[in-house]
Amino acid sequence: MSNAPHPRQAHRPVQALAPGLYIVATPIGNLRDITLRALDVLQAASAVFAEDSRIARRLLDAHGVSRSVETYHDHNGEAVRPRILDRLAAGEAVALISDAGTPLISDPGFKLARAAIDAGADVIPVPGASASLAALCGSGLASDRFMFAGFPPAKSAARRTWLAEFSDVKATLIFYESGARLAASLADTAQAFPGRSGVVARELTKIYEEFQRDSLDALATRYAESGPPKGEIVVLVAPPAANRRWTEAEVDAALRAERGGRALKEASADIALRAGWPKRDVYARGLAVKDEDAGAD
Ligand code: SAM
């Protein structure tokens with residue numbers, strides 16, 4: 001008989017967990033987007049706290065993890081936190097999950113993690129799905145720098161003020177939004193970031209997953225016309241266009257325009273900043289232009 005574990009048992013931990021608060025990511029739609037380590041931790045932890053115990057049960061049942069689940073959410077956090085901290089102080093391994101994705105990311109858990117750290121407990125991330133990163137990866141927008149900002153305010157006036165805070169951020173912006181508010185939110189977003197493109201990522205990892213990529217104006221018009229889309233949504237905004245590097249002719253023209261004005265060193269520093277050139281290269285062009293023009297006289 002083979003010693004290979006039954007597929008359902010394959011993820012079972014062989015060792016007890018070290019004490020601490022485990023922040024465990026769960027799927028954002030596709031039930032199979034859960035790591036083997038997450039299943040190990042959820043099986044072995046002495047307590048699992050979830051936002052909604054029925055949703056957690058469905059997930060655990062689907063993966064053959066049979067155990068009790070307690071609740072930790074925005075409405076009982078104040079009352080439940082001390083109990084969890086007591087368990088951590090007693091050396092237990094406690095796991096926290098949210099309804100979907102990574103706890104703390106627009107979900108409960110930050111106050112608990114902070115309190116656990118302040119109490120000297122280990123906080124141990126068990127990474128996995130998050131709609132923010134899944135959306136970024138499929139968006140086609142720059143991924144070298146991004147900023148996740150959570151849900152915009154629901155009311156337009158507050159939302160516009162909030163969006164304005166990000167107008168100078170040189171990074172791809174990632175927001176969560178509801179289908180009901182999408183059109184109005186996109187209209188404000190288009191106004192806050194004129195000329196930029198965006199992406200609406202919907203139903204990630206699910207059957208009707210889709211990415212709509214267009215200018216923010218066009219996206220706002222499309223969803224205003226089509227009505228609220230079904231399902232869950234992430235909105236992404238492209239970073240402001242990077243300043244184009246000037247051509248040599250443009251640098252030369254700027255240097256000639258300075259003639260008779262500032263000293264070459266000072267003018268070169270200023271032009272370099274606008275042109276996206278190193279200062280010394282602009283200075284060298286300044287000397288060359290002076291020679292060329294003297295030769296032409
Ligand atoms: N903690 C979660 C995470 O790591 O992504 C986010 C929780 S937040 C309460 C829920 C919001 O995340 C939804 O309203 C939607 O904006 C976004 N979201 C979650 N699942 C999604 C999915 N499958 N597709 C698109 N957006 C999703």
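All of these numbers come straight from a predicted model, not from anything done at the bench. (Residues numbered from 1 in each chain as written. Predicted model: local features only at pLDDT ≥ 70, side-chain atom pairs only at ≥ 80, totals over all residues. Heavy atoms only, no water.)

Before going further, it helps to spend a moment on the pattern of salt bridges. For the structure shown, the criterion picks out 23 salt bridges. Residue E203 is joined to K206 by a salt bridge in which the shortest nitrogen-to-oxygen separation is 3.2 Å. The class of E203 is buried, set by a relative accessible area of 14%. By relative accessible area, which is 27% here, K206 ends up partly exposed. A salt bridge links E292 to R285, with the shortest nitrogen-to-oxygen separation between them at 3.4 Å. Judged by relative accessible area, which is 41%, E292 ranks as partly exposed. R285 gets classed as buried once you look at its relative accessible area, which sits at 14%. Among the charged side chains, a network of salt bridges with common partners joins E248, D252, R256, R259, R285, E292 and D293. (Salt bridge = Lys/Arg side-chain N within 4 Å of Asp/Glu carboxyl O. Buried < 20%, exposed > 50% of the residue type's maximum accessible area, 1.4 Å probe, protein only.)

As a further point, take the site of the ligand. Of all residues adjacent to the ligand, which total 18 residues, the nearest are I105, D107, A131, Y176 and I233. Compared with its free state, where it exposes 580 Å², the ligand has 89% of that area covered by protein. Sorting the residues of the shell around the ligand by element identifies β7 (172-177) and β10 (233-237) as the ones contributing at least two each. In terms of residue class, the shell around the ligand is made up of nine nonpolar, four polar and five charged. Residue assignment places the shell around the ligand across two domains, with domain 1 (7-129) and domain 2 (132-240) each supplying three or more. (Near = heavy atom within 4 Å. Areas by Shrake-Rupley, 256 points an atom, 1.4 Å probe, with all protein chains shown as cover. Helix = DSSP H or I, 4+ residues; strand = E, 2+ residues; numbered from the N terminus. Nonpolar A, V, L, I, M, F, W, Y, C, P; charged D, E, K, R; others polar. Domains from an automatic or database assignment.)

When you line up the elements, D293 lands in helix α11 (residues 279-296). If we ignore the near neighbours within four places in the chain, the residues touching D293 are R256 and R259. (Contact = heavy atoms within 4.5 Å.)

Moving on, we come to the sheet that holds β7. Taken together, five strands build an open sheet; the order of strands is β6-β7-β10-β8-β9 and the sheet is mixed. Because the sheet does not close on itself, it has two edges, and the strands there are β6 (146-148) and β9 (210-215). For this sheet, the mean angle separating the axes of adjacent strands, direction not counted, is 20 degrees. Here strand β8 (residues 197-202) runs beside β9; their pairing, made up of six bridges, is antiparallel. Among the inter-strand pairings, G198 is bridged to a residue of β9, identified as D214. Lying on the sheet, helix α5 (residues 131-139) is in contact with β6, β7, β8, β9 and β10; it crosses β9 at an angle near 60 degrees. (Pairing = 2+ DSSP bridges. Axes fitted to C-alpha atoms, helices over the stretch in contact; angles between N-to-C directions.)

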